[in-house]
Structures are given as structure tokens and as C-alpha cells.
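Observations on the model geometry
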Amino acid sequence: MGVVTESQFHVLAVDDSLFDRKMIERLLQKSSCQVTTVDSGSKALELLGLRESNESDDPNATSTSPEVEINLIITDYCMPGMTGYDLLKRVKESAAFRSIPVVIMSSENVPARISRCLEEGAEEFFLKPVKLADLTKLKPHMMKTKLKKESEKPAEEVKPEIEEEESPVIEILTLHQELESEQQEPMLSNNKRKAMEEAISSGRSRPKYNDITTSV
Amino acid sequence: MNTVVAKLQRQFQDYLVSLYQQGFLDNQFTELRKLQDEGTPDFVAEVVSLFFDDCSKLINSMSRSLERPENVDFKQVDSGVHQLKGSSSSVGARRVKNVCISFKECCDVQNREGCLRCLQQVDYEYKMLKTKLQDLFNLEQQIVQAGGAIPQHFPSYTILRPDIRPCLDA
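Residues numbered from 1 in each chain as written. Chains lettered and ligands numbered in written order. Predicted model: local features only at pLDDT ≥ 70, side-chain atom pairs only at ≥ 80, totals over all residues. Heavy atoms only, no water.

1. Thoughts on the environment of E125 of chain B
All names here are of chain B. As a reminder, the rule being used: In this description a helix means any DSSP run of H or I spanning at least four residues, a strand means any run of E spanning at least two, and both kinds are numbered starting from the N terminus. Only heavy atoms matter for contacts: two residues are in contact if any of them lie within 4.5 Å across the pair.
As for its placement among the helices and strands, E125 is situated in helix α6 (residues 112-145). Sequence-wise, E125 and L35 are 90 residues apart; in three dimensions their C-alpha atoms are separated by 25 Å. Setting aside residues up to four positions removed in sequence, E125 forms contacts with F24, R95, V96 and V99.

Dropping the structure here:
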């Protein structure tokens with residue numbers, strides 16, 4: 001019974017609306033995340049272990065040691081007191097927490113607001129109502145964290161998840177790439193060509209290019 | 001037994017589809033149903049209930065703000081409309097959301113009469129939706145009690161309005 005379960009990707013969701021908290025919580029759980037919800041930016045900072053007010057001028061001052069490990073913060077933009085933008089700034093100013101990806105949500109599509117947030121370091125901007133499909137954008141962050149955790153383990157080497165030869169994905173090349181690769185073929189030596197043909201016949205590499213219809 | 005379940009399931013599907021066709025619900029309600037599973041069988045009912053509670057509270061407070069013509073707190077009304085628009089949008093309550101859009105416009109130009117009309121309409125729409133969804137949940141319960149499963153997909157023969165067509169792979 002000595003199995004150590006991997007800790008799940010832990011998301012901190014910040015929203016002043018109970019209704020929205022319930023929604024985002026379910027969305028995240030359905031996407032296999034562990035979720036903690038808080039109703040304000042200041043509570044979020046507290047949970048992280050960051051002092052809210054700048055009593056010293058040091059934005060890195062921590063009041064307590066962090067209670068939990070947070071892998072991603074997702075916050076509403078419009079909140080009374082500390083807005084999502086303010087929270088984003090505080091997180092990115094802190095040396096300890098700036099590496100935590102922050103996602104902003106808003107019910108209003110204001111391009112200036114969106115670019116402001118992205119410039120300040122937000123990873124993504126989700127327009128409410130947030131859908132399950134939107135959360136797939138978080139998958140790369142989840143994978144990164146998972147790989148990082150695995151590499152920190154003293155166990156055997158973990159192979160990178162994506163290995164080109166193994167995936168039977170049909171690559172749809174642009175016309176330009178198609179022409180390029182066709183031109184390169186006659187330049188290969190006989191040996192290489194044989195190897196390629198063998199690879200093709202074994203079905204492991206890409207299928208013949210003329211079978212694919214490319215839409216540019 | 002099987003035919004009873006099948007009949008109820010058909011009734012449920014038809015009723016749900018009619019709610020989309022009549023514009024009560026939109027795609028976001030489909031998204032909401034996707035979030036429900038065996039582990040969280042009451043999720044939609046809970047969220048919807050929260051929404052209706054919000055409606056009632058917000059309508060009451062906005063009504064108070066709009067009461068005296070000489071002293072209308074449009075800021076408060078605007079805040080209420082904003083919240084209502086957000087939650088109705090998240091739930092897929094299409095008609096309620098649409099009234100909120102008009103409501104916001106009246107608020108922006110400080111049109112008290114317009115606001116009062118919208119307030120009345122929002123009240124009507126949310127209560128109407130509440131009874132409709134109650135009927136839907138009752139059908140669900142009957143299916144479960146008869147030993148059946150709640151349909152997750154929409155019948156493919158239905159042709160719906162494109163602006164509110166539910167996601168067919170729901």
C-alpha cells in the first residue's frame with residue numbers, strides 16, 4: 001500500500017460572486033484540478049503568504065509561510081477593493097510568486113483591458129461565461145508542472161511525453177513545406193533513402209505526401 | 001417498465017428542446033449540463049437555484065433604488081444589472097440576459113421609467129424560467145425514479161434556430 005499519489009494541479013480561484021465561484025470551481029474540478037476559492041484579492045494574497053499592505057517597501061515581505069502550494073491563479077477582473085489587475089501586479093512583483101501563472105476572467109470584452117493584463121504578465125484572459133473548452137488552454141501549464149514535479153523525483157528518468165516517431169499523427173504540411181521536402185529527397189544518399197523507404201513501409205513515419213489534401 | 005422510461009425520456013428531451021426553441025435557454029445551459037456527472041448529480045439544480053435567489057435579491061434591491069423618482073441610485077441599479085447579466089449569461093437564461101441588456105441601456109441614460117419597465121420584465125422572465133425549469137427537473141426525477149437515465153444528448157431530427165441551437169455533441 002505504499003503508493004504515493006501525485007498531488008493534483010492546484011488552482012486558486014478568486015471571485016467576489018458566490019455564483020461565479022461555484023461555476024469556476026466545478027469547471028476546474030471537471031478539468032482534474034484541485035481548487036481553492038476565495039472571495040477577494042486580499043484573501044488570495046493571505047493564502048499565498050504575501051503581506052497585503054506594503055508596510056516595508058519590500059514587495060517580497062511574507063507574513064506567514066505559505067499554507068498551500070498554488071500552481072495557477074485564476075481571478076475575476078472586476079472586484080471591489082483589490083481588482084484582479086491589482087492582484088496580478090502584486091503577484092508578478094513578488095520574487096517568490098511571480099512564476100505562478102495568472103489568468104484573468106471578465107464578463108466585459110474590453111480590448112484595452114485585455115492587453116493591459118497581458119502586458120502585466122497574465123497568461124490568459126478568459127471571457128465570461130467561461131466554458132470547459134477554455135480550460136483546455138491551461139493544459140500546457142498543467143503539463144509543465146507535472147513534468148517539473150516528475151523531474152524532481154529521485155526515480156528513473158521520465159521520457160518526454162511527445163515523441164515524434166511514436167505518434168501516428170498525420171502532419172498536414174503547407175504547400176511550401178511539401179515542395180521543400182520533395183526537393184530534398186533526391187539529395188539524399190542511397191543509404192539514407194533506403195532507410196527512409198523502410199521507415200515508410202513500416203508505417204511508422206508520415207504517410208506519403210500526395211495522399212494528403214492540404215488546405216491553406 | 002422500459003417503455004415507461006423511454007416515454008419519460010422522450011418527454012424530457014422534447015421539453016428541453018422546446019425551451020431552447022422558445023428562447024428561454026441558450027448554449028450556455030448545455031455547457032452547464034456538461035459539468036454535471038454521477039459525482040455531482042445536483043449541480044445544475046444547485047446553480048440554477050442560486051441564480052434564482054440572486055434574481056430575487058437583486059430585483060428587490062434595485063426596486064428600492066428606483067422607488068423615489070427624485071432620488072434614484074443609478075449606480076446601485078447598474079451594479080445590480082451587471083451582476084444579473086453576468087449570472088444569467090453563465091446559466092444560459094437567454095431571455096433574462098436579453099432584458100438585462102436593455103436594462104443596462106436605460107440605466108446608462110438614467111431613464112427611470114425605462115428601468116422600471118425592465119425591472120418588471122426581468123421579474124416576469126426569471127419567474128417564468130423558474131417554473132419551466134422546475135417542470136424539467138420534475139421530469140428528470142420521474143425518469144430516475146422509474147429506473148432510467150437522464151438523456152444527455154439532443155434528438156438529431158430537431159431543427160432549431162441557429163442562434164440558440166444547442167451543442168449537438170453535448
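2. What about the confidence of the model for chain B?
What counts is decided by this rule: Each residue gets a pLDDT score, which is the predictor's confidence in that residue and runs from 0 to 100.
Mean pLDDT over chain B: 90, with 89% of residues reaching 70 or higher. Scored by ipTM, the complex comes to 0.84, with pTM at 0.74.

3. Structural notes on the packing of aromatic side chains
Two aromatic rings, taken as a pair, are described by how far apart their centres are and by the angle between their planes. Filter applied, for reference: For Phe, Tyr and Trp, where Trp contributes only its six-membered ring, two rings pair if their centres lie within 6.5 Å, and the inter-plane angle classes them as stacked under 30 degrees, edge-to-face over 60, or tilted in between. Partly exposed describes any residue whose relative accessible area lies between the buried limit of under 20% and the exposed limit of over 50%, with all areas from a 1.4 Å probe on protein chains only and scaled to the type maximum. By the criterion adopted, a ring carries a charge over it if an Arg CZ or a Lys NZ lies within 6 Å of its centre and within 35 degrees of its normal.
Applying the stated criterion across every chain yields a total of two aromatic pairs over all chains. Here the aromatic rings of F51 of chain B and F52 of chain B are separated by 5.3 Å at their centres, their planes lie at 50°, and the arrangement is tilted. Note on accessibility: F51 of chain B and F52 of chain B belong to one class, buried. With 6.1 Å between their ring centres and 35° between their planes, F52 of chain B and Y126 of chain B make a pair best called tilted. Of the two residues, F52 of chain B sits in helix α3 (residues 43-66) while Y126 of chain B sits in helix α6, which places them 74 residues apart along the sequence. The exposure classification of F52 of chain B matches that of Y126 of chain B, with both residues buried. Taken together, the ring pairs connect F51, F52 and Y126 of chain B into an aromatic cluster. In this structure, R116 of chain A is placed above the aromatic ring of Y85 of chain A, and the distance from its NZ or CZ to the ring centre is 4.0 Å. Stacked on the ring of F24 of chain B, the Lys or Arg R95 of chain B has its end atom at 3.9 Å from the ring centre.

4. Side note on helix α3 (residues 84-93) of chain A
Residues and elements named next belong to chain A. Most of α3 is tucked away, with seven of its ten residues classed as buried. Of the residues making up α3, those classed as buried are G84, Y85, L87, L88, R90, V91 and K92. Buried residues belonging to α3 abut β1 (9-14), α2 (41-48), β3 (72-76), β4 (102-106) and α4 (111-119).

5. Considering the sheet that holds β4 of chain A
Residues and elements named next belong to chain A. The condition is simple: Whether two strands pair depends on DSSP finding at least two bridges between them. Structural elements are reduced to axes, namely lines fitted to C-alpha atoms, with helices fitted over the stretch in contact, and the angle between N-to-C directions of any two is expressed from 0 to 180 degrees.
Read from one edge of the open sheet, five strands run β2-β1-β3-β4-β5, paired in parallel fashion. Each of the sheet's edge strands pairs with one partner strand only, and the pair in question is β2 (33-38) and β5 (124-127). Here the average twist between neighbouring strands, direction ignored, is 20°. As defined by bridge partners, β1 adjoins β3 across four bridges and the pair is classed as parallel. Within β3, the position partnered with L12 by the bridge is I73. This element, α2, spans β1, β2 and β3 of the sheet and lies at about 150° to β1.

6. Topic: the pattern of salt bridges
All names here are of chain B. Basically, it comes down to this: Salt bridges are defined by distance alone: a side-chain nitrogen of Lys or Arg within 4 Å of a carboxyl oxygen of Asp or Glu.
For the structure on display, the rule yields 17 salt bridges over all chains. Between K97 and D26 there is a salt bridge; the shortest N-O distance is 3.9 Å. Separated by 71 residues along the polypeptide, K97 in helix α5 (residues 94-108) and D26 in the loop between α1 (2-21) and α2 (27-34) bring together distant segments of the chain. We classify D26 as buried; its relative accessible area is 11%. Across the pair K104 and D78 runs a salt bridge, and its minimum N-O distance is 3.7 Å.

7. Side note on the state of the cysteines
All names here are of chain B. This is how the line gets drawn: Cysteine sulfur atoms that come within 2.5 Å of each other are treated as a disulfide pair.
By the definition in use, this model includes zero disulfides over all chains. C106 takes part in no disulfide bond, and the closest cysteine sulfur to it belongs to C118, at a distance of 4.0 Å. Free of any disulfide, C115 has its nearest neighbouring cysteine sulfur in C107, separated by 4.6 Å. Given a relative accessible area of 0%, C115 falls into the buried group.

8. Concerning the UniProt feature "modified residue: Phosphohistidine" (unreviewed entry) in chain B
The condition is simple: UniProt positions are given in the numbering used here, feature names are shortened, and annotations may be inferred rather than shown by experiment.
When the UniProt feature table is mapped onto this chain, "modified residue: Phosphohistidine" (unreviewed entry) is found at H82 of chain B. Sequence-distant contacts of H82 of chain B, that is, excluding residues within four places in its chain, are made with S107 and E108 of chain A.

9. What about the packing of α3 of chain B against helix α4 (residues 74-91) of chain B?
Residue and element names in this part refer to chain B. Formally: In this scheme, roughly parallel covers angles under 35 degrees and roughly antiparallel covers those over 145, while 65 to 115 is roughly perpendicular and the rest are oblique. Crossing handedness is read from the near helix: turned anticlockwise from the far helix by less than a right angle, it gives a left-handed crossing, and turned clockwise, a right-handed one.
Relative to each other, α3 and α4 sit at 160°, their axes nearing to 9 Å. Overall, the two elements α3 and α4 adopt an arrangement that is roughly antiparallel. The element α3 and its partner α4 pack so that their crossing is left-handed. Every residue of α4 that contacts α3 at V47, V48, F51, C55, L58, S61, M62, S65 and L66 is listed here: F74, Q76, V77, G80, V81, Q83, L84, S87, S88 and V91.

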